[in-house]
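# Examining the three-dimensional arrangement
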Amino acid sequence: MIKFIPPELICTILESTFSQHHSNRHNNPSFASDPFDSQNYPLLLSASLVSRTWSAIAQPLLHRNVTLNRNPNALAWLHSRCKGVEVRRLCLRDLTDSVATEVLEADDVVPRQLVLALSTGWMDLKLLQSAKLASLESLIFRTNVIVPSDKTIKVQLPFALTSVALSSHPYFPALLEQLLGPSIRSLDLGHLTTPLPHSYFIPLLPTLDSLSFPYYFRQIPHFLPLLKLCTSLRHFSFANTSDDILKCIPPSVEWVQVRGLCDFVMMKERIKTLPRLSEVHLPFRGVPRSSDGEAERRSKEALLDVCSKRGVKVWFGADRAATLDHFI
């Protein structure tokens, strides 16, 4: 029967199935890289093995999310596998500047999201000024930027981002002004280790949809005052629960993620006061921890009870709905 199914219908089924699979598994859609991410790879691979027809449809979907590492044949692989494929997310991991430049200048790849994690830990600013990046919407830094010695130089980037994830210094004003433009709707400061002036962020905050707070404790007090300006924030992610952070969560928030330590008692009380909250992602283990785990179990039960009454979905650690069976 497979050969009688129109290819267009198979393509629609695969795209809708895997998009739904992604949204059911976890996380904030504003922070998610793409429906066709690494979690979907085994399913797409299985679909590509069904028949030649399915393979021709699934192969392009398999390469919508591409990671290039140290392999010296990375560029050749890109030419052979991604020609004519819409690469939505491109991750450059452990590549040298020269290879990264060749990849970004290649005609085969015009990504919408770019992850930079180069082997030297540094990247030349020229990489970002490639005309091939004109359609770029999201940029994730996992590397530092080599900036010109002349700090007054103007930077002309060929793209206007809607999402950016900043890491360590050094940046310089001309680059930040270009990266943090008025089109930004999702801002990830999780890997930022150096405080940046508030003036870069204040214009973005009233229209910001998603914010990921710094992991590092020393940076949290510096950025806390900015939360009061996030009047339209819907998705908020932070590392550890503290009274200061919980008090500053904007009432407009609908989705919350705690990536590190979580005090379930404090979290329960804050959930009661967030009128629009619909989904919470929490770690499996909380603080303070007791030797027998009984206190933690009771605090989770109380939190689940509050969320159940308010219709808030709770996810603990893994990408599955929270039930008491999952942490007995």
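All of these numbers come straight from a predicted model, not from anything done at the bench.

So, how was this worked out
- Residues numbered from 1 in each chain as written.
- Predicted model: local features only at pLDDT ≥ 70, side-chain atom pairs only at ≥ 80, totals over all residues.
- Heavy atoms only, no water.
- Helix = DSSP H or I, 4+ residues; strand = E, 2+ residues; numbered from the N terminus.
- Buried < 20%, exposed > 50% of the residue type's maximum accessible area, 1.4 Å probe, protein only.
- Contact = heavy atoms within 4.5 Å.
- Areas by Shrake-Rupley, 256 points an atom, 1.4 Å probe, with all protein chains shown as cover.
- Phe/Tyr/Trp six-rings, centres within 6.5 Å; stacked < 30°, edge-to-face > 60°.
- Lys NZ or Arg CZ within 6 Å of the ring centre and 35° of its normal.
- Pairing = 2+ DSSP bridges.
- Axes fitted to C-alpha atoms, helices over the stretch in contact; angles between N-to-C directions.
- Arc of directions from axis to C-beta.
- Parallel < 35°, antiparallel > 145°, perpendicular 65-115°, else oblique.
- Left-handed = near helix turned anticlockwise from the far one by under 90°.
- Nonpolar A, V, L, I, M, F, W, Y, C, P; charged D, E, K, R; others polar.
- Salt bridge = Lys/Arg side-chain N within 4 Å of Asp/Glu carboxyl O.

Along its length, the protein carries ten helices and 13 strands. Relative to its full complement of 328 residues, the protein shows a buried share of 47%. Once local pairs closer than 6 in sequence are excluded, the contacts in the protein between residues at least 24 apart make up 54%. If you sum the accessible surface of the protein, you get close to 16,100 Å²; carbon and sulfur atoms cover 55% of it.

What follows is about the packing of aromatic side chains. The full count for this structure, using the stated rule, is four aromatic pairs. A ring pair is formed by Phe 264 and Phe 316, whose centres lie 5.8 Å apart and whose planes are at 80°; its orientation type is edge-to-face. Linking Phe 264 in helix H9 (residues 264-271) with Phe 316 in strand E13 (residues 313-316), this pair joins segments that are 52 residues apart in sequence. Since its relative accessible area comes to 2%, Phe 264 is described here as buried. Taken together, the aromatic side chains of Phe 213, Phe 236 and Phe 238 make up a single cluster linked through ring pairs. Against the face of Phe 316 rests Lys 300, its NZ or CZ located 4.7 Å from the ring centre.

Turning to the sheet that holds strand E1 (residues 65-68), a few remarks are in order. Strand order in the open sheet formed by eleven strands is E1-E2-E3-E5-E7-E8-E9-E10-E11-E12-E13, with parallel pairing between adjacent strands. Each edge of the sheet is formed by a strand with only one pairing partner; in this case those strands are E1 and E13. Across the sheet, the mean angle from the axis of one strand to that of its neighbour is 5°, orientation sign disregarded. Where strand E7 (residues 163-165) lies against strand E8 (residues 186-188), three bridges are found, and the strand directions are parallel. Bridge pairing in E8 places Ala 165 opposite Asp 188. Contacts from helix H5 (residues 97-105) reach E1, strand E2 (89-93) and strand E3 (113-117), with the element oriented near 165° to E2. Against the sheet, helix H10 (residues 294-310) touches strand E12 (279-282) and E13, its axis set at about 150° to E13.

Time to look at H5. Along H5, the positions that sit buried rather than exposed are Ala 100, Val 103 and Leu 104. For H5, the buried positions fall inside an angular range of 95° around the axis, keeping them on one side.

What follows deals with the environment of Arg 142. Position of Arg 142 among the secondary structure elements: in the loop between strand E5 (138-141) and strand E6 (144-146). Remark: the alpha-carbon pair of Arg 142 and His 191, spanning 49 residues in sequence, is separated by 8.0 Å.

Within helix H3 (residues 52-62), the full set of buried residues consists of Trp 54, Ile 57, Ala 58, Leu 61 and Leu 62. Projection of H3 onto a plane perpendicular to its axis shows the buried side chains occupying an angular sector of 140°, all on one side. Projecting away from the buried face of H3 at angles above 90 degrees are the exposed residues Arg 52 and Ala 56.

Before going further, it helps to examine the packing of H9 against H10. It is at 9 Å that the axes of H9 and H10 come closest, and there the two elements cross at 15°. Taken together, the axes of H9 and H10 are roughly parallel relative to one another. The hand of the H9/H10 crossing is left-handed. Packed against H9, whose contacting residues are Phe 264, Val 265, Met 267, Lys 268 and Ile 271, the element H10 presents Glu 296, Ser 299, Lys 300, Ala 302, Leu 303, Val 306, Cys 307 and Arg 310 at the interface. Looking at the contact of H9 with H10 residue by residue, the classes come out as eight nonpolar, one polar and four charged.

The next thing to look at is the pattern of salt bridges. A side chain with one charge may pair with a side chain of the opposite charge, provided their charged atoms come close. One pass over the full model with this rule turns up nine salt bridges. The salt bridge involving Asp 209 is made with Arg 234; its shortest N-O contact spans 3.0 Å. Residue Asp 209 is located in the loop between E8 and strand E9 (210-212), and its partner Arg 234 is located in the loop between helix H7 (220-223) and strand E10 (235-238); the two are separated by 25 residues in the primary sequence. Taking the relative accessible area as the measure of exposure, Asp 209 reaches 16% and is therefore buried. The exposure class of Arg 234 is partly exposed, given its relative accessible area of 32%. Here Glu 269 ties to Lys 268 by a salt bridge, and the two come within 3.3 Å at their closest N and O atoms. Owing to a relative accessible area of 38%, Glu 269 belongs among the partly exposed residues under this scheme. Since its relative accessible area comes to 16%, Lys 268 is described here as buried. Connected through salt bridges with shared partners, the residues Asp 209, Arg 234 and Glu 254 form a single ionic network.

What follows deals with the pairing of E2. The element E2 is extensively covered by neighbouring structure, given that four of its five residues are classed as buried. Note that E1 and E2 share four bridges and pair parallel. Bridge pairing links Asn 65 to Arg 89 in E2. The pairing of E2 with E3 spans five bridges and is parallel.

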